[in-house]
Amino acid sequence: MSRRFSGTVNADDQETETFAVKQDATIEQVTVRFYQGPRLDLEVFPFVEDEEGRRRSLIEVYGRDAIVGDNDIFPFAVSEPVRREDVVGVEVTNNDTEHAYAYTVDVTLEREGGVSRGVLSYIKGVF
């Protein structure tokens with residue numbers, strides 16, 4: 001199953017899009033697309049939020065708090081378990097004070113094997 005987040009963030013604004021997970025699964029890939037123009041002013045933060053409201057990042061970006069780009073597509077291999085009632089989302093911040101920018105984020109979930117799929121794949125890869 002794949003879920004797409006897309007939109008346009010106005011100048012000096014932020015938006016958050018989410019969806020609730022309906023059954024246990026593993027997030028396998030997150031693909032972030034920046035269209036031409038933002039020159040690193042658009043920040044994308046994909047996350048999972050549990051029932052207690054704790055957020056965890058889906059992508060670790062060293063030296064930054066979010067993913068940035070300009071006319072780029074970044075596919076990230078992920079193995080993040082999610083449980084029923086977790087919330088998957090993206091928070092997008094536009095730091096430019098004059099222009100609006102568009103983005104697209106695709107999140108791929110694998111329901112086969114639920115939350116244990118990522119662990120099993122890792123164990124098989126070790127042996």
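Rules of the game
- Residues numbered from 1 in each chain as written.
- Predicted model: local features only at pLDDT ≥ 70, side-chain atom pairs only at ≥ 80, totals over all residues.
- Heavy atoms only, no water.
- Helix = DSSP H or I, 4+ residues; strand = E, 2+ residues; numbered from the N terminus.
- Buried < 20%, exposed > 50% of the residue type's maximum accessible area, 1.4 Å probe, protein only.
- Contact = heavy atoms within 4.5 Å.
- Areas by Shrake-Rupley, 256 points an atom, 1.4 Å probe, with all protein chains shown as cover.
- Pairing = 2+ DSSP bridges.
- Axes fitted to C-alpha atoms, helices over the stretch in contact; angles between N-to-C directions.

Undergrad: Sorry, what's going on with the overall build of the protein here?
TA: Helix and strand counts for the protein stand at 1 helix and 9 strands. Sequence-ordered secondary structure for the protein, helices as α and strands as β, is β-β-β-β-β-β-β-β-β-α. In the protein, which comprises 127 residues, the proportion classed as buried is 37%. Of all intrachain contacts in the protein linking residues separated by at least 6 positions in sequence, the fraction that spans at least 24 positions is 81%. In the form shown here, the protein has an accessible surface area of approximately 7400 Å², with 44% of it arising from carbon and sulfur atoms.

Undergrad: Whenever I open this one, the environment of Leu 40 confuses me. Can you help?
TA: Mapped onto the elements, Leu 40 comes out in the loop between strand E3 (25-34) and strand E4 (42-49). Along the chain, Leu 40 and Asp 96 lie 56 residues apart, while their C-alpha atoms are 9.2 Å from each other. Discounting chain neighbours no more than four positions away, the residues touching Leu 40 are Arg 64, Val 68, Gly 69 and Asp 70.

Undergrad: Mind showing me how you'd approach the sheet that holds strand E7 (residues 72-82) here?
TA: Each strand in a sheet pairs with its neighbour through backbone hydrogen bonds, running either in the same direction (parallel) or in the opposite one (antiparallel). Pairing in this open sheet of 4 strands is antiparallel, and the strands run E1-E9-E3-E7 from one edge to the other. Every other strand in the sheet has two partners, leaving strand E1 (2-9) and E7 as the edge strands with one partner each. Shown here is a sheet whose adjacent strand axes are inclined to one another by a mean of 15 degrees, direction ignored. The pairing of E3 with strand E9 (residues 101-110) spans 8 bridges and is classified as antiparallel. By the bridge assignment, Thr 31 is partnered in E9 with Asp 106.

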